[in-house]
Amino acid sequence: MTTSTLPTTRTTPLVVPGARAALWLFGTVLLCLAAYYFIGVDQGATSVFGDNMYIHEFVHDARHFLGFPCH
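Residues numbered from 1 in each chain as written. Predicted model: local features only at pLDDT ≥ 70, side-chain atom pairs only at ≥ 80, totals over all residues. Heavy atoms only, no water.

J.: I'm lost on the overall build of the protein in this one. Help?
T.: Looking only at helices and strands, one finds three helices and zero strands in the protein. Ordered by position from N to C terminus, the α and β elements of the protein give α-α-α. Burial statistics for the protein: of 71 residues in total, 14% are counted as buried. Looking at the protein as shown, the accessible area adds up to about 6500 Å², and 70% of this sits on carbon and sulfur atoms. (Helix = DSSP H or I, 4+ residues; strand = E, 2+ residues; numbered from the N terminus. Buried < 20%, exposed > 50% of the residue type's maximum accessible area, 1.4 Å probe, protein only. Areas by Shrake-Rupley, 256 points an atom, 1.4 Å probe, with all protein chains shown as cover.)

Next comes the structure, spelled out in structure tokens:
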């Protein structure tokens, strides 16, 4: 009986310095919090950007899809 040996290849993991990883983490958290505010919290009348409904209407369907009430 013959056995076939396949060459084994190893992948080298990507090593990121701690400061750069912390910066990426901070940016990701900031982006997620901004998305959460615009989709889940901004109601138009209580908006940080005034009393316009532009942002609310833009993400209106996403709010309902994610389960946030707005009516």
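J.: How do you make sense of the UniProt feature "transmembrane region" (unreviewed entry) in the protein when you look at a structure like this?
T.: The positions that UniProt labels "transmembrane region" (unreviewed entry) are, in the present scheme, residues 21-39. Its end C-alpha atoms 27 Å apart, residues 21-39 is made of 100% helix and 0% strand. (UniProt positions renumbered as here; feature names shortened; annotations may be inferred.)

J.: Looking at this structure, how should I read the packing of aromatic side chains?
T.: Given two aromatic rings, one states the distance between the centres and the angle between the planes to describe the pair. Following the criterion strictly, the structure yields one aromatic pair and no others. Consider the rings of Tyr-36 and Phe-68, whose centres lie 5.8 Å apart with planes at 65°: the pair is edge-to-face. Of this pair, Tyr-36 sits in helix α1 (residues 18-41) while Phe-68 sits in the segment after α3 (60-66), placing them 32 residues apart in sequence. Under the relative-accessibility criterion, Tyr-36 is labelled partly exposed at 48%. Accessibility expressed as a relative area gives 22% for Phe-68, which makes it partly exposed. (Phe/Tyr/Trp six-rings, centres within 6.5 Å; stacked < 30°, edge-to-face > 60°.)

J.: Is there a simple way to explain the environment of Phe-58 in this structure?
T.: Residue placement: Phe-58 occurs in helix α2 (residues 54-58). A C-alpha to C-alpha distance of 9.1 Å links Phe-58 and Ile-39, two positions 19 residues apart in sequence.

J.: Would you mind going over the side chain of Arg-63 with me for this structure?
T.: Note on placement: Arg-63 falls in helix α3. Classification of Arg-63 as buried rests on a relative accessible area of 0%. Not counting the four nearest positions on each side in its chain, Arg-63 is found in contact with Ile-39, Gly-40, Val-41, Asp-42, Gln-43, His-56, Phe-68, Pro-69 and Cys-70. (Contact = heavy atoms within 4.5 Å.)

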